[in-house]
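Chain by chain, the residues run as shown.
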Number of protein chains: 2
Amino acid sequence: MRDVYLLGLGQTEVGEHWEVSLRQLALTAIDSALKDASIEMTGRGPVPEALFVGNMLAPQLSRQAHLGALIADFSGLRGIEAATVEASGASGGAAFRQACLAIASGYIDSALAVGVEKLTDTVGPGVSGAASTSTDTDWEGAQGATPTAIAALIMRRYLHETGAALPDFAGFSVNAHANAKTNPNAMFRNSLTAEVFAKASMVADPVNMFDTAPDADGAAAVLLVAADSLGKLELKLSHAPVRVAGAAIATDTVALHDRPDPLFFRAANLSAGRAYEQAGIGPNEVNVFELHDAFTVFAALSLEACGFAARGEGWQLATQGGIGLKGRIPISTFGGLKARGNPGGATGIYQIVEVARQLRGDAGANQAPNPHWGMAQCLGSSGGTAATHILERVS
Amino acid sequence: MRDVYLLGLGQTEVGEHWEVSLRQLALTAIDSALKDASIEMTGRGPVPEALFVGNMLAPQLSRQAHLGALIADFSGLRGIEAATVEASGASGGAAFRQACLAIASGYIDSALAVGVEKLTDTVGPGVSGAASTSTDTDWEGAQGATPTAIAALIMRRYLHETGAALPDFAGFSVNAHANAKTNPNAMFRNSLTAEVFAKASMVADPVNMFDTAPDADGAAAVLLVAADSLGKLELKLSHAPVRVAGAAIATDTVALHDRPDPLFFRAANLSAGRAYEQAGIGPNEVNVFELHDAFTVFAALSLEACGFAARGEGWQLATQGGIGLKGRIPISTFGGLKARGNPGGATGIYQIVEVARQLRGDAGANQAPNPHWGMAQCLGSSGGTAATHILERVS
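A.B. asks: Sorry if this is basic, but what is going on with the overall build of chain A here?
C.D. replies: What chain A contains, in helices and strands, is 14 helices and 11 strands. Rg of the C-alpha trace for chain A: 19 Å, near the compact-globule value of 21 Å for 395 residues, within the 12% margin. Overall, chain A is about 60 × 45 × 40 Å in size when its C-alpha atoms are taken along their principal axes. In chain A, which comprises 395 residues, the share counted as buried stands at 66%. Of all intrachain contacts in chain A linking residues separated by at least 6 positions in sequence, the fraction that spans at least 24 positions is 78%.

A.B. asks: Looking at this model, I keep getting lost on the nonpolar core. Mind explaining?
C.D. replies: Inside soluble globular proteins, nonpolar side chains tend to come together where they are buried. With 304 residues, the main nonpolar core has Val114(A) and Val114(B) as its most contacted residues. Look past the residues within four positions of Val114(B) in its chain and what remains in contact with it is Ala26(B), Ala29(B), Ile30(B), Leu51(B), Val53(B), Ile71(B), Ala219(B), Ala221(B) and Ile349(B).

A.B. asks: I'm lost on the packing of helix 1 (residues 22-36) of chain A against helix 3 (residues 67-74) of chain A in this one. Help?
C.D. replies: To describe two helices that pack against each other, one gives the angle between their axes and the distance between the axes. All names here are of chain A. Relative to each other, helix 1 and helix 3 sit at 60°, their axes nearing to 9 Å. As summarised for this structure, helix 1 and helix 3 are arranged oblique, according to the angle between their axes. You can see that helix 1 and helix 3 cross each other, and the crossing is right-handed. Two secondary-structure elements touch here, helix 1 through Arg23, Ala26 and Leu27 and helix 3 through Leu70, Ile71 and Phe74. Split by residue class, the contact of helix 1 with helix 3 holds 5 nonpolar, no polar and 1 charged.

A.B. asks: Sorry if this is basic, but what is going on with the confidence of the model for chain A here?
C.D. replies: Close inspection of predicted coordinates is inappropriate for parts of the model with low pLDDT. Per-residue confidence for chain A averages 95 on the pLDDT scale, and 98% of its residues sit at or above 70. Both confidence scores are given for the complex: pTM 0.98, ipTM 0.97.

A.B. asks: Just to check I follow, could you spell out helix 14 (residues 347-360) of chain B for this structure?
C.D. replies: The periodicity of an α-helix, 3.6 residues per turn, causes residues three or four positions apart to be oriented the same way. Residue and element names in this part refer to chain B. Along its 14 residues, helix 14 runs 20 Å from first to last C-alpha, staying within 8% of the 20 Å computed at 1.5 Å per residue. Counting buried positions along helix 14 gives 13 out of 14 residues, so the element sits mostly inside the fold. Gly361 sits one or two residues past helix 14 and shows a positive phi near 75°.

A.B. asks: How do you make sense of the relation of the copies chain B and chain A when you look at a structure like this?
C.D. replies: In this arrangement, two copies of a chain are superimposed by a rotation about an axis accompanied by a shift along the axis. In screw terms, the move from chain B to chain A is a rotation of 180° and a rise of 0.0 Å along the axis, fitting with an RMSD of 0.0 Å. The two molecules are tied by a two-fold rotation axis, judged by turn and shift. Considering only C-alpha atoms, the residue of chain B closest to the rotation axis is Ser105(B), which sits at 1.7 Å. A share of 98% of the interface residues of chain B reappears at the interface of chain A, consistent with the copies meeting face to face through the same patch.

A.B. asks: Can you help me understand unusual backbone geometry in this one?
C.D. replies: Where the residue is not glycine, phi is negative for most of them; where a peptide bond is considered, it is trans in most cases. Between Asp205(A) and the following residue, Pro206(A), the backbone shows a cis peptide bond with an omega angle of 10°. Structurally, Pro206(A) can be placed in the loop between strand 5 (202-204) and strand 6 (207-208). Its identity as a non-glycine residue notwithstanding, His66(A) has a phi of 55°, on the positive side. With 31 C-beta atoms counted inside 10 Å, the residue His66(A) sits in the buried group. Notably, Arg63(B) is not glycine yet its phi reads approximately 55°, a positive angle. For Arg63(B), the position within the fold is in the loop between helix 2 (58-61) and helix 3 (67-74).

A.B. asks: How should I be thinking about the interface of chain B and chain A in this particular structure?
C.D. replies: Frequently, the measure chosen for interface size is the accessible area removed from exposure when the parts meet. At the interface, 48 residues of chain B touch 47 residues of chain A. Listing elements by their share of the side of chain B that touches chain A, those giving two or more residues are helix 2, helix 3, strand 3 (81-86), helix 4 (91-104), strand 8 (242-251) and helix 10 (266-279) of chain B. Of the residues forming the side of chain B that touches chain A, the biggest block, 6 residues, is contributed by strand 3 of chain B. Strand direction decides the pairing type here: strand 3 (residues 81-86) of chain A and strand 3 of chain B, joined by 3 bridges, are antiparallel. Across the sheet, Val85(A) pairs through a bridge with Val85(B), a residue of strand 3 of chain B.

A.B. asks: Just to check I follow, could you spell out the environment of Ala221(B) for this structure?
C.D. replies: Mapped onto the secondary structure, Ala221(B) falls in strand 7 (residues 218-226). For Ala221(B), a count of 34 C-beta atoms within 10 Å puts it in the buried group.

A.B. asks: I'm lost on the environment of Ser134(B) in this one. Help?
C.D. replies: Mapped onto the fold, Ser134(B) is located in the loop between helix 5 (127-131) and helix 6 (147-162). A count of 32 C-beta atoms within 10 Å places Ser134(B) in the buried class. Between the C-alpha atom of Ser134(B) and that of Ala87(B), which follows or precedes it by 47 residues, the distance is 8.2 Å. Filtering out sequence-adjacent residues up to four positions away, Ser134(B) remains in contact with Ala65(A), His66(A), Ser88(B), Gly89(B), Pro147(B), Gly380(B) and Ser381(B).

A.B. asks: I keep staring at the pairing of strand 10 (residues 373-380) of chain A and nothing clicks. Help me out?
C.D. replies: Here is the key point about a regular strand: its side chains alternate between the two faces of the sheet. Residue and element names in this part refer to chain A. Among the 8 residues in strand 10, 8 count as buried, and that is most of the element. Where burial is concerned, the two faces of strand 10 agree: the one with Trp373, Met375, Gln377 and Leu379 and the one with Gly374, Ala376, Cys378 and Gly380 are both buried. In terms of strand pairing, strand 9 (residues 288-290) meets strand 10 through 3 bridges, oriented parallel. Within strand 10, the position partnered with Phe289 by the bridge is Met375. Pairing of strand 10 with strand 11 (residues 385-393) involves 8 bridges; the strand directions are antiparallel. Across the sheet, residue Gln377 finds its bridge partner in strand 11, namely Thr388. Between strand 10 and strand 11, which pair antiparallel one after the other, the connecting turn spans 4 residues, and Ser381 there sits at a positive phi close to 45°.

A.B. asks: What should I look at first to understand the environment of Pro214(B) in this one?
C.D. replies: All names here are of chain B. Of note, Pro214 is situated in the loop between strand 6 (207-208) and strand 7. Among the residues examined, Pro214 registers 19 C-beta atoms within 10 Å and is labelled partly exposed. Spatially, the C-alpha atoms of Pro214 and Ala180 are 13 Å apart, while their sequence positions differ by 34 residues. Residues contacting Pro214, with those up to four places away along its chain left out, are Met187, Phe188, Gly341 and Asn342.

A.B. asks: What's the story with helix 1 (residues 22-36) of chain B in this structure? I'm lost.
C.D. replies: Residue and element names in this part refer to chain B. The end-to-end C-alpha distance of helix 1 is 21 Å, a good match for the 21 Å that 15 residues give at a rise of 1.5 Å each. For helix 1, the buried fraction is high: 11 of the 15 residues fall into the buried class. Of the residues making up helix 1, those classed as buried are Leu22, Arg23, Leu25, Ala26, Leu27, Thr28, Ala29, Ile30, Ala33, Leu34 and Asp36. Those residues of helix 1 that are buried are in contact with strand 1 (4-11), helix 2, helix 3, strand 4 (110-117) and strand 7.

A.B. asks: For this particular structure, what's the right way to read the pairing of strand 4 of chain B?
C.D. replies: Residues and elements named next belong to chain B. Of all 8 residues in strand 4, 8 are buried; the element is thus mostly enclosed. Of the two faces of strand 4, both are covered, the one formed by Ser110, Leu112, Val114 and Val116 as well as the one formed by Ala111, Ala113, Gly115 and Glu117. One ladder, built from 4 bridges, connects strand 2 (residues 50-54) with strand 4; its direction is parallel. Its bridge partner being in strand 4, Val53 is matched across the sheet by Val114.

Rules used in this analysis
- Residues numbered from 1 in each chain as written.
- Chains lettered and ligands numbered in written order.
- Predicted model: local features only at pLDDT ≥ 70, side-chain atom pairs only at ≥ 80, totals over all residues.
- Helix = DSSP H or I, 4+ residues; strand = E, 2+ residues; numbered from the N terminus.
- Rg over C-alpha atoms; globule rule 2.2 N^0.38 Å.
- Buried ≥ 20, exposed ≤ 12 C-beta atoms within 10 Å, placed from the backbone.
- Contact = placed C-beta atoms within 7 Å.
- Core = buried A, V, L, I, M, F, W, Y, C linked by C-beta atoms within 7 Å.
- Axes fitted to C-alpha atoms, helices over the stretch in contact; angles between N-to-C directions.
- Parallel < 35°, antiparallel > 145°, perpendicular 65-115°, else oblique.
- Left-handed = near helix turned anticlockwise from the far one by under 90°.
- Nonpolar A, V, L, I, M, F, W, Y, C, P; charged D, E, K, R; others polar.
- pLDDT = per-residue confidence, 0-100.
- Expected span 1.5 Å × (residues − 1).
- Least-squares fit on C-alpha atoms with pLDDT ≥ 70 in both.
- Pairing = 2+ DSSP bridges.

Following this line, the structure appears as structure tokens:
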């Protein structure tokens, strides 16, 4: 199995991009990733050889499918291999995984993974209806159960079983907003206090407005290359590369009611376990963790599923300062889904970019202290799919 | 790069499956593929380790996205890696390519590629509107240019440049129907004559009703394993394996008007070229070719792009008997998209299954004489994406 390195990182600002097309967002992120890797976009060079697009809802919300070929062409990469990878909210992580597999296979030496989504500027159905296609439609979505409603069921049960109270979740969102303040690409750069959190109106009781992440538009891209091809490709590296030490996808039932334990993110646990095994580390070694805080209770459950907290105790990391930049396990270091914003299928690539920046020591005011190992995990629907990647600093 | 073998082949009948759900179609094909490989579906075994779903329009037409996790769970494979791969009409081929990459990478030893689509039994928008999201929406679909209308533009130009006349395309459809007659999974098992073809009404002038393939429901699945893991997996083989000798995806502009030459399927040419190179053969060695005959003119252009005919002469293979089971290059040997039916994202997997059956010598009345090399190629939209696979008999 060949080692895969991350060379280039790119992202657009996350927010409402009503004036920018889907393909333009993707191009901006790709251009930025190639420039970051000191590669000029000639459109005919050997780098990148393939493009994997993470997207969730463009066929419904922008009435545009077939994004692989469309974005390859618009980015001046006409002719290269391209396809779209979809796994609900884990689409970005799943596209990154495919890029890793493609390079590890030996078929190609370089690939771009780009995540792109427009959720605030749409044609056709609304976002809630479209996002409900990521649930088990026959049994959930068609009955009116949106992803937020399902998260509310999970949170209600979590409160009941763990003894956590509503104010105990404030720490996740306060931390996310604190970190987003110094991220120029974040959607919400305002401070949030526990007092304001406590007064927030309910979205789907007990999920309040600050428990949930905002729908957003945005694109992020990474350039990956085979470590053993670096010489052949004659790239001038402007940054130390970051190694993909673990890559895994796992699944669970999509329908919440089919799970033996609705408070156990089994796919998150399985995929993290596989990634840990590949990297030869465990949660104790991980220095920074971008998790899928689409809802505060998801952050708690992800921390538990990945071994950072015992079952039923994930929320305590937020109340005890364990998740800050200098805490036991820094999460949402650039704002997370909550405050950087959640552009659906792009989110998984934003997470990878953010972890890689941490490992480069290039995170500025958002820098965690000297991280060597970083982990990114994104979830599809309420954990029906989980894509987990472990990155390592190479130096 | 590890060799990848096809062990199990499965498919449902192609047609109108109003009474069968999307997930049930997929399960039937998967079950059939695992049985064909003599593997019981225990749901917890080491085979398969991953599932790649080729699908094109389910989020729009069935309001169900997130098919990877959904189908893995419903098939008793809960927990395994899964994702959906989309590349318009080439989605099936793209999913197969991802499965090949995953196994070649060394990360996993076995994978299922399943293509599934329901086009005749839908909720929400009609098929034409949904399929138009595979065009360049801003410039084509939103202006009312459906895939069929775009094919008509291509055919009109082809007639003008090549000197072919409308009756010259009959041979493609007559051949497809002749082969479908003995395929119990084909949608249209009736004979078609050149006389009936000539009287067919126009769908989008000059594309008549028999120039175009029917929208259909169906699912097909293949089980792939690493050749070097066959001993470890302790599989009892009931059929000689078929080797994946070449696998490639290439892209072109999605918008027809952006192409320097609208009569050159560049992505088909590029991906076939890459696949030939990997397999170490050329078109002269290919004994059977499942091509993307969504429209008769596409069959002609695919034959030209892949080196079976000179530019502008692909149609002559149909008028001169070159495409029959005993012709120079047998195509649509089980009916092709035209008569077996075109279930969108499943089509690419049907093609792979059909080529593999030919190489096994297991095609019954549809058997081409003793083929050693077979090729399958599916196209997204009017050739914006092409996925080409070359299979080899191992014996």
